[in-house]
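Below, each chain spelled out in residue letters.
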Amino acid sequence: MKYYLRIILLLFLVMSKVTYSQKYERNLSSEQWQFSKLGENKWLPASIPGTVHTDLLKNNLIPDPFFGVNEKKLQWIEDENWVYQTSFSITKKDIDNQNILLQFDGLDTDATVYLNDSKILSANNMFRTWKIEVKKLLKVGKNELRVEFFSSVKKAKEEAKKLSYVLPGDEKVFVRKAQYQFGWDWGPRFVTCGIWKPIKILFWNEAQIVDVRFEQKELNKNLAKLNFRLNINTQKAGNYVVKMDIMPFRFQLKKGNNVVHVPIEIKNPILWWCNGLGVPHQYQFRFSLEKDNKKQDEKEIKVGLRTIELVQEKDKIGTSFYFKLNGVPVFMKGANYIPTDSFLPKTTDGDYQKTVKNAVDANMNMLRVWGGGVYAEDAFYDKCDKNGILVWHDFMFACAMYPGDLAYLNNVKHEVIDNVTRLQNHPCIALWCGNNESDEGWHNWGWQKQYNYSKKDSTQIWSNYKKLFHEVIPQTLDSLLSKNENRYWPSSPSIGWGKKESLLQGDSHYWGVWWGKEPFEVYEKKVGRFKSEYGFQGMPDLKTIQSVVNNDEHNLQSESIKNHQKHPTGYETINEYMQRDYIVPTKFEDYVYVSQLLQAEGMKTAIEAHRRAKPYCMGTLYWQLNDCWPVTSWSSVDYYGRWKALHYQAKRSFENVLLSVQKGNETYRIQIINDDVVAYDGVAEVEIVNFKGEVLWNKKVNYKSEANSNTTPLLLTTGDLMGIKLDSVYLSMKFNSNDKHWQSTYFFEKPKELQLTKPTIQITKIDDLTIEITSDILAKNVFLSSDDDAFFSDNYFDVLPNQKVIVKLSKPLKTINFKSLFDTMK
């Protein structure tokens, strides 16, 4: 069949007299690259894309940067200058092309590039794409390419000396480089350098399509009117044909840059929906450019048809802050995303796929790309498009103030152009945000006093801030995006967490829990309009710790364990909270387990408080989804992709239909939060059950949960609890509607107060990939593990007496280990 299709295609091409594209490219990343410390000429093999740290490691010149305390031993690398070089061949056919561009998709960061000993580029921004016309410098045969990298740390410190004041954020603010490389309270300091994205040579002749931009002019259930804006560069004026698939559009183009418009209409369009609300449908379009029946270039894009609005309207309490997708108000559920590795080229397309899958599997519909990291690779956004994950996207600025000189602002402007142009067609992009916490830091973190600014200094720094985030970036977006796609928010959060107004308008980051050491219960009071950051730390899986710390150092006082905790009071804070809610274990592996339960319980309190406040609150994005190295952090998925207890809890708390308890002074309100776009008719039931499985009290009602609603079908009073020992019972909540069933439990006391007894847990094999877990009495927080690394579809769950828990396995296992909270309370 494939053979006949090829024959038909060849006949079609012959009949239409159109030859194949004259534009082609060569990937120079696959050439034989070498690197050396600049000036030493001790050449060693290098990998492109790559970093100097990973190249040193591959050549056995440094130990594993992540292991033990090796990070501290490797700080010398950031102060050195490095050079990469290769040679490549050019044929007579290659050099006969009219245009030859050398393209660097990413150089980290301060680099000078030489081609055949001629300087062709000085780069100073790892987020930009660099293109250089090199036809006149190339020769038939062997060509030499050399890239010299200079210490960004030294350069930044030199730039800092030029100012009469110190900017918050130290030297990193002077270089357009991933800010997290300089260290964060969850990440190591590895200020690396290198060719971190591919290098290629582009050959073209008469014309090329530079880019295709998609505009949505009109969208309703009957009709979509689209406009595709093609930027075309030609070598000479003339008649050209743009084909959308096989539909021709004829244009008279001038020499140089041209912009042409291709209008398209789609009847009965299929909309793109986020995860949980529908199918994230995409349309695919292929555009080709022809002249005199010769195909010059072609590009293919996918688009999703949807409308997104950021709604901010005055109400009786303050100002709303929520997103409408296709006219439907959507409660956003998700997390903050940081770079997946300290050494970015290690991240594969498969890693991005796993990251997005983790979000989808936890019932998320939004990720926030945090401003201290990087603009991710195309694969990340492709996976978000395909899986219906909306993206709140910071520009790459975080927790600092930045220079305001013209050269810096112009550099940022081109960074914005490069990345917004690259990403603007993705339906997943919901919002562009100027920075993370820079506005809050200026107004609430005491920088003026800390750095002893004069009035003149303060005025200048704030003026530079406004130039960057209130002028340059939004004005650049205005030039790039259509009005209906231009959603910009200058800074997240809009108001600091210590101020009352932060809960009445805009988005908010709440750090009274953790930083302020307030109890988890405060989350139920401090509910804002859109919670874009909050969090609590938990230790990673024991296997993850074992990968970077020797077994004889498995204690909180060891230097290696402490080096994998970057918050200055991290373990102290975890321990303080653990003492409040749990019996603190003495065994290290039990401590790891309970730290994860603590993190999960705290985040459950926050997430469900936010959801119970719908529609006042319309978004909850916890800090953070992932890690860039093996570490104790706020993540719900550790560096190796192992789910912590938090991620399993997020999956439960982010279900479209949630049963949750709002505790009052004398009442317990059982709320049903329905994020679905359909209503459910059924029976709501609540029971008080002791740990042996005996029902002590129950109540049920027929109930209809309307679409996109938050209602209270049942109320429990303190009178209903008279004579019941609250440390020995739980509240069971159920909602059944035809073949759909939702269930949740609520404990009246903290875990350390529960009168748990030893459960008899049984695991029964259903088939190679399915097990059933039962217990004679309540088994709290059952944790499944295996010596063989495997994924469990559910974990850290309660096994209720007389009930079965079905768990799917990622692969067959010979043995499965388990423990429950009781085992740590001895």
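Residues numbered from 1 in each chain as written. Predicted model: local features only at pLDDT ≥ 70, side-chain atom pairs only at ≥ 80, totals over all residues. Heavy atoms only, no water.

## Side note on the overall build of the protein
Next up, step 1: Secondary structure assignment for the protein yields 16 helices and 43 strands.
Next up, step 2: A compact globule built from 826 residues should have a C-alpha radius of gyration of about 28 Å, and the protein, at 29 Å, falls within 12% of that.
Next up, step 3: Principal-axis analysis of the C-alpha atoms places the extent of the protein at approximately 90 × 65 × 65 Å.
Next up, step 4: Counting over 826 residues, the protein shows a buried share of 59%.
Next up, step 5: Charged side chains in the protein number 108 positive and 99 negative. The centres of these two groups are separated by 5 Å. (Helix = DSSP H or I, 4+ residues; strand = E, 2+ residues; numbered from the N terminus. Rg over C-alpha atoms; globule rule 2.2 N^0.38 Å. Buried < 20%, exposed > 50% of the residue type's maximum accessible area, 1.4 Å probe, protein only. Lys, Arg positive; Asp, Glu negative; His and termini not counted. Charge placed at Lys NZ, Arg CZ, Asp CG, Glu CD.)

## Thoughts on the sheet that holds strand 31 (residues 657–663)
Next up, step 1: The strand order across the open sheet built from 3 strands is 31-32-35, with neighbouring strands paired in antiparallel fashion. Each edge of the sheet is formed by a strand with only one pairing partner; in this case those strands are strand 31 and strand 35 (709–717). Each adjacent strand pair in this sheet contributes to an overall mean axis angle of 25°, direction not counted.
Next up, step 2: Here 7 bridges tie strand 31 to strand 32 (residues 667–674), and the two strands are oriented antiparallel to one another. Within strand 32, the residue paired with Ser 660 across the bridge is Gln 671. (Pairing = 2+ DSSP bridges. Axes fitted to C-alpha atoms, helices over the stretch in contact; angles between N-to-C directions.)

## So, the pattern of salt bridges
Next up, step 1: Applying the stated criterion across every chain, the model contains 52 salt bridges.
Next up, step 2: Where Arg 213 meets Asp 211, a salt bridge forms, and the shortest distance between an N and an O atom there is 3.5 Å. Take Arg 213 and Asp 211: they sit in the same class, and that class is buried.
Next up, step 3: A salt bridge links Asp 590 to Lys 819; the shortest N-O distance between them is 2.6 Å. Of this pair, Asp 590 sits in helix 15 (residues 588–612) while Lys 819 sits in strand 43 (residues 817–819); the two residues are 229 residues apart in sequence, bridging distant segments of the chain. There is no split in this pair, since Asp 590 and Lys 819 are both buried.
Next up, step 4: Overlapping salt bridges bring together Lys 333, Arg 611, Lys 614 and Asp 675 as one network. (Salt bridge = Lys/Arg side-chain N within 4 Å of Asp/Glu carboxyl O.)

## What about the state of the cysteines?
Next up, step 1: On inspection of all chains with the given rule, the structure shows 0 disulfides.
Next up, step 2: Take Cys 428: it sits in no disulfide, and the sulfur closest to it among the cysteines is that of Cys 384, at 5.0 Å.
Next up, step 3: We note that Cys 433 lacks a disulfide partner, and the nearest cysteine sulfur, in Cys 399, lies 12 Å from it. (Disulfide = S-S within 2.5 Å.)

## A closer look at helix 6 (residues 349–361)
Next up, step 1: Counted at 1.5 Å a residue, the expected span for helix 6 with its 13 residues is 18 Å, and the 18 Å between its end C-alpha atoms agrees.
Next up, step 2: Among all positions of helix 6, only Tyr 352, Thr 355, Val 356, Asn 358, Ala 359 and Val 360 are buried.
Next up, step 3: The inward-facing, buried residues of helix 6 abut strand 23 (332–337), strand 24 (366–369), helix 7 (378–387) and helix 16 (645–653).
Next up, step 4: Just downstream of helix 6 lies Asn 363, where phi reads positive at about 65°. (Expected span 1.5 Å × (residues − 1). Contact = heavy atoms within 4.5 Å.)

## So, the packing of helix 15 against helix 16
A packed helix pair is summarised by two numbers, namely the angle formed by the two axes and the spacing between the axes.
Next up, step 1: Contact geometry of helix 15 with helix 16 gives a least axis separation of 8 Å together with a crossing angle of 25°. Taken together, the axes of helix 15 and helix 16 are roughly parallel relative to one another. Note on packing geometry: the crossing formed by helix 15 with helix 16 is right-handed. From helix 15, Gln 596, Leu 597, Gln 599, Ala 600, Met 603, Lys 604, Ile 607, Glu 608 and Arg 611 reach across to helix 16, where they touch Ala 645, Leu 646, Gln 649 and Ser 653.
Next up, step 2: Its residues placed into classes, the contact of helix 15 with helix 16 shows 6 nonpolar, 4 polar and 3 charged. (Parallel < 35°, antiparallel > 145°, perpendicular 65-115°, else oblique. Left-handed = near helix turned anticlockwise from the far one by under 90°. Nonpolar A, V, L, I, M, F, W, Y, C, P; charged D, E, K, R; others polar.)

## Observations regarding the side chain of Arg 612
Next up, step 1: With respect to the element layout, Arg 612 can be found in helix 15.
Next up, step 2: Residues within four places of Arg 612 in sequence aside, it is in contact with Glu 524, Ser 660, Val 661, Gln 662, Gln 671, Ile 673 and Asn 710.

## A short note on the nonpolar core
Next up, step 1: Ranked by size, the top nonpolar core spans 182 residues in total, and within it Phe 104, Leu 107, Phe 380, Phe 395, Ile 473 and Tyr 622 carry the most contacts.
Next up, step 2: Broken down by element, the residue count for this core peaks at 11 residues, all from helix 15.
Next up, step 3: If near-sequence neighbours (up to four positions away) are discounted, Phe 380 is found in contact with Tyr 337, Tyr 352, Val 356, Leu 367, Val 369 and Val 391. (Core = buried A, V, L, I, M, F, W, Y, C linked by side-chain atoms within 4.5 Å.)

## Section: the sheet that holds strand 39 (residues 770–775)
Next up, step 1: Spatial ordering of the open sheet is given by 38-39-42, a layout of 3 strands whose pairing is antiparallel. If you trace the sheet from one side to the other, it starts and ends with strand 38 (761–767) and strand 42 (805–808), each paired once. Going across the sheet, the axis of each strand differs from the next one's by a mean of 25°, ignoring polarity.

## What to know about helix 7
Next up, step 1: Residues Ala 379, Phe 380, Tyr 381, Lys 383, Cys 384 and Asp 385 constitute the buried set of helix 7.
Next up, step 2: Close packing links the buried residues of helix 7 with strand 23, helix 6, strand 24, strand 25 (390–394), helix 8 (406–423) and strand 26 (429–433).
Next up, step 3: Once helix 7 ends, the next one or two residues include Gly 388, with phi positive near 75°.

## Some words on the pairing of strand 30 (residues 619–622)
Next up, step 1: Side chains of strand 30 alternate between two faces, with Gly 619 and Leu 621 and Thr 620 and Tyr 622 buried alike.
Next up, step 2: Inspection of the sheet shows strand 23 paired to strand 30 by 4 bridges, in the parallel sense. Among the inter-strand pairings, Gly 334 is bridged to a residue of strand 30, identified as Leu 621.

## Structural notes on the side chain of Asn 464
Next up, step 1: When you line up the elements, Asn 464 lands in helix 11 (residues 455–480).
Next up, step 2: Contact partners of Asn 464, with chain neighbours within four places excluded, come to Tyr 165, Tyr 402, Pro 403 and Gly 404.

## Describing the confidence of the model for the protein
Next up, step 1: Looking at the protein, the pLDDT average stands at 95 and 97% of residues meet or exceed 70.
Next up, step 2: Under a pLDDT of 50 for its full length, residues 1–20 has, in the predicted model, 12 contacts with residues more than four places off or in other chains. (pLDDT = per-residue confidence, 0-100.)

## Some remarks on the packing of aromatic side chains
Next up, step 1: Following the criterion strictly, the structure yields 65 aromatic pairs and no others.
Next up, step 2: Seen from their ring centres, Phe 783 and Tyr 796 are 4.7 Å apart, and the 20° between their planes marks the pair as stacked. Taken together, the positions of Phe 783 in strand 40 (residues 779–785) and Tyr 796 in the loop between strand 40 and strand 41 (797–799) put the pair 13 residues apart, joining distant regions of the chain. The pair Phe 783 / Tyr 796 is uniform in exposure class, with both members buried.
Next up, step 3: Among the aromatic residues, those joined into a ring-pair cluster are Tyr 165, Phe 397, Tyr 402, Trp 442, Tyr 451, Tyr 453, Trp 462, Tyr 465 and Phe 469. (Phe/Tyr/Trp six-rings, centres within 6.5 Å; stacked < 30°, edge-to-face > 60°.)

## A short note on unusual backbone geometry
Next up, step 1: The linkage connecting Ile 48 with the following residue, Pro 49, adopts the cis geometry, with an omega of -5°.
Next up, step 2: Mapped onto the elements of the fold, Pro 49 is located in the loop between strand 3 (44–46) and helix 2 (52–58).
Next up, step 3: Residue Ser 492 is joined to Pro 493 through a cis peptide bond whose omega torsion reads 0°.
Next up, step 4: Locating Pro 493 in the fold gives a position in the loop between strand 27 (488–489) and strand 28 (508–509).
Next up, step 5: With a phi close to 60°, Asn 60 is a non-glycine residue in the positive phi region.
Next up, step 6: By secondary structure assignment, the location of Asn 60 is in the loop between helix 2 and helix 3 (70–73).
Next up, step 7: Residues other than glycine seldom take positive phi values, yet Asn 708 does so here, at roughly 50°.
Next up, step 8: Checked against the element boundaries, Asn 708 lands in the loop between strand 34 (695–705) and strand 35.
Next up, step 9: When its relative accessible area of 26% is taken as the criterion, Asn 708 is described as partly exposed.

## Some details on the packing of helix 6 against helix 7
Next up, step 1: Where helix 6 meets helix 7, the closest approach of the two axes is 9 Å, and the angle between their N-to-C directions is 35°. The interaxial crossing formed by helix 6 with helix 7 has right-handed handedness. Where helix 6 abuts helix 7, its residues Asp 349, Tyr 352, Gln 353, Val 356 and Val 360 lie against Ala 379, Phe 380, Lys 383, Cys 384 and Asn 387.

## Some details on the environment of Gln 98
Next up, step 1: You can see Gln 98 is positioned in the loop between helix 4 (92–95) and strand 5 (99–104).
Next up, step 2: Expressed as a C-alpha distance, the spacing of Gln 98 and Phe 735, which sit 637 residues apart in the sequence, is 69 Å.
Next up, step 3: Setting aside residues no more than four positions away along its own chain, Gln 98 makes contact with Lys 135, Trp 204, Asn 205, Glu 206 and Gln 235.

## Let's talk about the environment of Val 686
Next up, step 1: Of note, Val 686 is situated in strand 33 (residues 680–690).
Next up, step 2: We classify Val 686 as buried; its relative accessible area is 2%.
Next up, step 3: The spacing of Val 686 and Tyr 283 is 403 residues in sequence and 46 Å in space, taken between C-alpha atoms.
Next up, step 4: Leaving out residues up to four positions away in the same chain, Val 686 has contacts with Ile 670, Trp 697, Asn 698, Lys 699, Leu 714, Leu 731, Ser 732 and Met 733.

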